[in-house]
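Residue-level listing of the chains:
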Protein chains: 2
Amino acid sequence: MKEAQNGLTNRQSLILRTVVESYIENGEPVGSKFLCECGRFTCSSATIRNEMAELEALGYLEQPHTSSGRVPTELGYRFYVDSLLESYNSTASDVERIKSALKEKRAELDQILTQASRLASSLTNYTGLAVRPGQGHGAFCRYEAICLSSRSLLLVMINPDGSAKTRNLRTDVDITKEDADTLARTLNSCIVGLSASEVTLPLMMRMEEMCAPASHLVSMAVKCIYETAIEKNDGDVRIDGVNRLLEYPEYSDTESIAGLLGLGDSKNALLDLVKESEELGGEAGDDVKILIGSENRLDALGSSALVFKTVKRGGRVVGAVGVIGPRRMKYQNVISMVDSLANGINELIGDDMLLPTADTERNNGNE
Amino acid sequence: MKEAQNGLTNRQSLILRTVVESYIENGEPVGSKFLCECGRFTCSSATIRNEMAELEALGYLEQPHTSSGRVPTELGYRFYVDSLLESYNSTASDVERIKSALKEKRAELDQILTQASRLASSLTNYTGLAVRPGQGHGAFCRYEAICLSSRSLLLVMINPDGSAKTRNLRTDVDITKEDADTLARTLNSCIVGLSASEVTLPLMMRMEEMCAPASHLVSMAVKCIYETAIEKNDGDVRIDGVNRLLEYPEYSDTESIAGLLGLGDSKNALLDLVKESEELGGEAGDDVKILIGSENRLDALGSSALVFKTVKRGGRVVGAVGVIGPRRMKYQNVISMVDSLANGINELIGDDMLLPTADTERNNGNE
DNA sequence: ATTAGCACTTGGGTAATGCGAGTGCTAAAA
DNA sequence: TTTTAGCACTCGCATTACCCAAGTGCTAAT
């Protein structure tokens, strides 16, 4: 009895693999006769039946009903995937398509992720997923104020990574370009790096003093800043191409679809999932992660599989892209695709160093 | 035979209304016996049968099969909705909820619409819809460049309505704050108001000359500007809460869901729909629009109804919000809700005058 | 250890059946 | 002329019975 390292004989191993692959391909339970005739085995169907019985006892296979072929269990898929993981690699053509599709979007991370989710879906014909976790507690690292008209100004809030948010502030009294400059200077010198709870009344009063005569701008601006920061910290989840799953029989019932569609609402759970699987990190932390069935605790994904990889910038996790599909997913393609996609994004966003806060910069040049 | 103005007797009219309302409520074909016993009529079921037969001949009702009750046709719904339209008004509590939910989001139009779509869905328990058409051909009306570090700057592109987009530009050679200012000045004086095809090689060369020694920034910036402008002009469609429709039996089949999910892809068609129903304008142009079944030509919505209202700023249509649901939709609630929602947004975004282009402003103050 | 043969299980598809709801029509009543 | 009661008829739908195919487990022979 030749044993492989996993406690399975070579033949059992091969049977398991073949069952998984056939089931992934056809979606139908596979029986001993089919296996026997597929050419990979020299023994008879009876022998295979015996082996399958054992694989079932070991928890790798199960039958939907007595008298139907076998279907892989979660454990079965897990075995298959693990033995596969060592040796995936992307096809050159896919890598090319991904690169060219991404290159067009030399935009902010948010947009890149949206695009990535769409891409993941269209390349695999499953559902695409992109996640951006909240960007730490840190607020912005610098502010600018641009005078748009006599009664409105544009507040530019700049993140350490160079991206920015803008908001329009309208006032009831006229403001000048000098007011705007003063406001920006005040914000930069007083609240950069502070969380909302650190902004105290005395501080506010000092800022308003600094900004006189346009002191009314201060509270508007600060409120606006923390509203925006909260939004930013909220994280985000993009799901694309749920409709592609409709053509797989495992999603023909309404409930499973409802679950997937509701996924956008439970974005916190998804964010946790990514964060958590990141922590188990170590060397494997950079790999493509695969969660099959109940391995994740989102019951909406209970009958699905999730393949994803984190996107990093400068060592920090800034997002993740992946694919949601049926448990019988074409793992080889999907794994390599997700890998390429994440790598492509990593490459695109580079690992630029972070920006300094405004203080240092401002001191030379503006005044 | 008392005739109302529509060519229906009063009794026929009442029967039609009752059928529609009952079908909306229960989703089941309604028969003569049920009507007879509902209390609204003094005649017998046989009489009602005769009337219903006539209503069917006139095209207001139909039977799914011989020997089932009647169901309203598109025309039937249309009759019902039209006779209803004069007299809808929002419940005070709904208006309150909408206002308070919107007030929290004093953000850009894009975000407001996203929020509106979500709100529409949750308030009606149908699918929410928000549409933002492309913002004309016009590019931006002003640019600013903020120096972030020695090798990156933030390009701020400002729309006439005061909103702005930002993009990060990275270079291989060092740049100074003066370079950034020069770039902004050049952009503002040369390409404000120009469409991409109007940017000629000679113009580019002149701009690069003006920007020396940082002339390499010019082409990056211009490219970036037109990429962003294209994106902006593309319009956008938000669809939220498709899963809510799953609980209605008319969407229990996979195809109808697939159609709705695919709706995001065919955003152009939706944009057209809004634009077009706007054009028939006149006085009715400001009303809530209702498209039932094939009244719109999106076959994905063939078995659905669409209720929406445009959102305007300063007379121009800048978006639309609405609801997608089954044809047997609770029109009274939905109409009033959509109306309130659109009004709320209109109020929120105000009709601020548009900004002037940068030239005038720049001449006093900066230099 | 492998194989052939056989009885057994079971899901799914198909045809037959009965039921119920609702209609259309006709003839009588108002 | 309008309304009503009565009745035969039509279908959709659920239930039942039934058969078939696929696949298994087990036993006995190789």
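First, a word on what this report is: a plain description of the structure on this page.

Scoring rules and cut-offs
- Per chain, residue numbering runs from 1 following the sequence as it is written.
- As a convention, the first chain written is A and the first ligand written is 1, with the rest following in written order.
- Only residues with pLDDT of at least 70 get local features here, since the model is predicted, and only at 80 or more are side-chain atom pairs given and counted; chain-wide, interface and lining totals rely on the full set of residues.
- Excluded from the side-chain calculations are hydrogens and water; all other atoms, namely the structure's heavy atoms, are used.
- In DSSP terms, a helix is any run of H or I states spanning at least four residues, a strand is any run of E spanning at least two, and both are numbered starting from the N terminus.
- The rule is simple: take the accessible area with a 1.4 Å probe, protein chains only, and divide by the maximum for that residue type; under 20% is buried, over 50% is exposed, in between is partly exposed.
- We call two residues contacting when some pair of their heavy atoms lies within 4.5 Å.
- Any two strands are treated as partners once DSSP identifies two or more bridges connecting them.
- Axes here refer to lines fitted to C-alpha atoms; in helices the fit is confined to the stretch in contact. Angles between the N-to-C directions go from 0 to 180 degrees.
- Here a residue is near a molecule or strand as soon as one of its heavy atoms is found within 4 Å of it.
- Polar contact is defined as a pair of N or O atoms within 3.5 Å, subject to the rule that within protein one atom must be able to donate a hydrogen and the other to accept it, and that residues adjacent in sequence are counted only when both atoms are side-chain atoms.
- The classification used treats Ala, Val, Leu, Ile, Met, Phe, Trp, Tyr, Cys and Pro as nonpolar, Asp, Glu, Lys and Arg as charged, and all other residues, Gly among them, as polar.
- Working definition: roughly parallel below 35 degrees, roughly antiparallel above 145 degrees, roughly perpendicular at 65 to 115 degrees, and oblique for all remaining angles.
- Cavity: a set of points on a 1 Å grid over the protein atoms alone where a 1.4 Å probe fits but cannot get out. Pocket: an open set with protein on both sides within 12 Å along at least five of seven lines, its lining residues, like those of a cavity, having an atom within 4 Å of a point.
- Grid points are joined across faces, edges and corners, and a volume is the space filled by probe spheres set on the points.
- By definition, the arc is the one covered by directions from the helix axis to the C-beta atoms.

Right, let's talk about the overall build of chain A for a bit. When you go through chain A residue by residue, the secondary structure sums to 14 helices and 10 strands. Across the 367 residues that make up chain A, the buried fraction comes to 51%. Of the contacts formed within chain A by residues at least 6 apart in sequence, a portion of 63% connects residues at least 24 apart.

This part is about the sheet that holds strand E7 (residues 236-240) of chain B. Residues and elements named next belong to chain B. Pairing is antiparallel in the open sheet, where 5 strands are placed in the order E7-E3-E10-E9-E8. Looking along the sheet, the strands with just one partner apiece sit at the ends: E7 and strand E8 (289-292). Recorded for the sheet is a direction-independent mean angle of 20° between the axes of neighbouring strands. Examined bridge by bridge, strand E9 (residues 304-313) and strand E10 (residues 316-326) share 10 bridges and lie antiparallel to one another. Considered in E10, the bridge of Val307 is made with Val323.

A separate point is the protein's contact with DNA strand C. Contacts to DNA strand C come from 18 residues, most closely from Ser44, Thr47 and Ser67 of chain A together with Ser32 and Arg70 of chain B. Among the atoms of DNA strand C lying within 4 Å of the protein, the sugar-phosphate backbone contributes 73%. Within the side chain of Ser67 of chain A, a nitrogen or oxygen atom sits 3.4 Å from a base oxygen of DNA strand C. One nitrogen or oxygen atom from the side chain of Arg49 of chain B is found 3.2 Å from a base nitrogen belonging to DNA strand C. Top element by residues in the surface near DNA strand C is helix H3 (residues 45-58) of chain A. It accounts for 4 residues. When its residues are assigned to classes, the surface near DNA strand C shows 2 nonpolar, 12 polar and 4 charged.

The next thing to look at is the packing of helix H1 (residues 10-26) of chain A against H3 of chain A. Residues and elements named next belong to chain A. The geometry of H1 relative to H3 is characterised by a closest axis approach of 10 Å and an angle of 85° between their N-to-C directions. When the axes of H1 and H3 are compared, the pair comes out roughly perpendicular. Contact with H1, carried on its side by Arg11, Gln12, Ile15, Leu16 and Val19, involves Thr47, Ile48, Glu51, Met52, Glu54 and Leu55 of H3 and no other residues of that element. Here the contact of H1 with H3 is built from residues that sort into 6 nonpolar, 2 polar and 3 charged.

Attention now goes to empty space enclosed by the protein. All chains considered together, the criterion is met by 7 cavities of 30 Å³ or more. Here the largest cavity is characterised by a volume of approximately 60 Å³. Among the secondary structure elements, those contributing two or more residues to the lining of the largest cavity are helix H11 (254-261) of chain A together with helix H11 (254-261) of chain B. Each residue belonging to the lining of the largest cavity can be placed in one class, and the counts come to 5 nonpolar, 4 polar and 2 charged.

For H11 of chain B, every residue scored as buried is listed here: Ser256, Ile257, Leu260 and Leu261 of chain B. Down the axis, H11 of chain B shows its buried residues gathered within 135° of arc, on one side only. Where H11 of chain B is buried, its residues contact helix H10 (242-245) and H11 of chain A together with E7, helix H10 (242-245) and E10 of chain B.

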